[in-house]
Amino acid sequence: MSSPVRSKLEPVSCGGELHMTGGDGAVCFADSISFAPQLIERWGGSARVVYIDPPFGTGGSFEFRRGSHTLAYTDRLSPGEYADMIREAAKLAKALLTCDGTFFLHIDYRKNAVCRMICDEVFGEPAFTNEIIWSYKSGGRSVKSFARKHDAILMYRMSNGSYFDIAAVGQPRGAVRRNHMRRGSDEQGRMFYSIRTGGKEYRYYDDEPIFPTDVWDDIEHLHQRDPERTGYLTQKPEALLKRIILACSREGDTVIDFFGGSGTTAAAAAKLGRRFITCDMGEAALAVTRKRLVSQSLARPIYEAAKPMTVELFSDGRGSPALEEIFDITWKNKALSLTVKPLQKDELPYYIAKGSIEESIFKATDYCLEPAPGDTLLLPNGSALNVVDKDMHRGYFVVNAEEG
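In this report, we go over the structure that sits alongside the text. (Residues numbered from 1 in each chain as written. Predicted model: local features only at pLDDT ≥ 70, side-chain atom pairs only at ≥ 80, totals over all residues. Heavy atoms only, no water.)

Take the sheet that holds strand β13 (residues 200–205) next. Here we have three strands laid out as an open sheet, ordered β11-β12-β13, and antiparallel in their pairing. The open sheet is flanked by β11 (182–185) and β13, the only strands paired with a single partner. Strand-to-strand, the axes of this sheet are offset by a mean angle of 40 degrees, without reference to chain direction. Relative to strand β12 (residues 191–197), β11 is paired through four bridges, and the arrangement is antiparallel. Paired with Arg182 across the two strands is Ser194, which belongs to β12. (Pairing = 2+ DSSP bridges. Helix = DSSP H or I, 4+ residues; strand = E, 2+ residues; numbered from the N terminus. Axes fitted to C-alpha atoms, helices over the stretch in contact; angles between N-to-C directions.)

Here you go:
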């Protein structure tokens, strides 16, 4: 028979986390601009690719939506403050890149010109390589102007020798009909379309790759029910980041994103065998990215999943979960038993991990990634718990329980 618990879970401070799965990389809870010296000290000159997707200067606020809505970030800097932020971000990116690395800045029509001028200043105009136009069809249509249906991704190279492999992002040409061309096959049975000009035949084989130009209209915005969706409103599709990473880095290279958001850059890099460093100052970004990386790693074969990931906590959190509102807690069979209460979906905790705390580092050993009413965790005395609640409050606790 269970008995009341005299001492339950004691909250503790942690300086970081260690996960034995998640991918080869680090998730940083930090304002990258404020902590730029620390980031440069740790990872300066190491990144083959730096990609950032900063706020677009909308003047609004953006939420993380999962049943309930939680503020993810605000985008309300004055024009001068915004320019200062982009300038410091460009300087940080340059310091983090290898001598043959490449920088990508994702922006839209509002601040494109400002960002281009600042990046030309920081990297030098000759370093500018492409303005990639990402064209998509989602959303409404304006009747007062031409509908704005593209973002811009500014690309800068650190040197003429910066790594670039267009063959890595080629797509099969396929059998789509082409006007004024004849359909045929060669002696090996390979299908092609052909055209004759000036007495010479030009063949375009179905299985030959075609390569992207600087207009990308083959990658769609994420629709609301897309399986990739995390609830982070400004999330970008993995296909976009995979194209950038494949073209500009090799397997084993380091990819950095210090406006990490929903963790798309880190998720794509991990799947492609690159090392990732992702930073963001939002609790929602930390929670979503951590859970996303752990989830995708656990879904892969065990020999691929076993790549340690760290969480670096440069700043304190904004609050701790109220465990008594989430769990029924009892002490039985020499362990603390925590059972998730019969809560509505939008009241359930977002993430739970079990483990231990050693030298102020939470070392995760087991996860409850989709907590549901009735889920029970058994925690022996001295073990630790990491919980993120519905409002993205994050807390670490150590079991110190006794029978009453």
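So, about the environment of Gly16. Here Gly16 is to be found in strand β2 (residues 16–19). For the pair Gly16 and Ala167, spaced 151 residues apart in the sequence, the C-alpha separation amounts to 39 Å. In this structure, Gly16 is in contact with Val311, Leu313, Ser360, Ile361 and Phe362, ignoring residues within four places of it in sequence. (Contact = heavy atoms within 4.5 Å.)

A cluster of nonpolar side chains, Phe164, Ile166 and Phe211, forms an exposed patch at the surface whose accessible area comes to about 250 Å². Looking at the secondary structure, you find Ile166 in the loop between β9 (150–157) and β10 (171–172). (Patch = residues over 30% accessible without salt bridge, like charges linked within 9 Å, V, L, I, M, F, W, Y side chains within 5 Å. Areas by Shrake-Rupley, 256 points an atom, 1.4 Å probe, with all protein chains shown as cover. Salt bridge = Lys/Arg side-chain N within 4 Å of Asp/Glu carboxyl O.)

Counting across every chain of the model gives 24 salt bridges. Here Asp253 makes a salt bridge to Arg48, at a shortest N to O gap of 3.0 Å. In this pair, Asp253 is assigned in the loop between α4 (238–248) and β16 (254–257) and Arg48 in strand β4 (residues 47–52), connecting sequence segments 205 residues apart. Assessed through its relative accessible area of 14%, Arg48 is described here as buried. One salt bridge in this structure joins Asp108 and Arg110, with 2.3 Å as the shortest N-O distance. Taking the relative accessible area as the measure of exposure, Arg110 reaches 37% and is therefore partly exposed. Several salt bridges converge on common partners, so that one network encompasses Glu238, Lys242, Lys271 and Arg292. (Buried < 20%, exposed > 50% of the residue type's maximum accessible area, 1.4 Å probe, protein only.)

Pairing within the open sheet is antiparallel, and its three strands lie in the order β19-β20-β23. Of all strands in the sheet, those with a lone pairing partner are β19 (327–332) and β23 (376–380), marking the two edges. Across the sheet, the axes of successive neighbouring strands diverge by a mean angle of 20 degrees, strand direction being ignored. Pairing between strand β20 (residues 335–340) and β23: five bridges, direction antiparallel. In the sheet register, Ser337 faces β23, and the bridge partner there is Leu378.

This next bit is on helix α3 (residues 112–123). With 12 residues, α3 extends 16 Å between its outermost C-alpha atoms, agreeing within 8% with the 16 Å of an ideal straight helix rising 1.5 Å per residue. Residues Asn112, Cys115, Ile118, Cys119, Asp120, Val122 and Phe123 constitute the buried set of α3. For α3, the elements touching its buried residues are α2 (79–96), β7 (97–107), β8 (128–135) and β9. Gly124 sits one or two positions beyond α3 and adopts a positive phi of about 95 degrees. (Expected span 1.5 Å × (residues − 1).)

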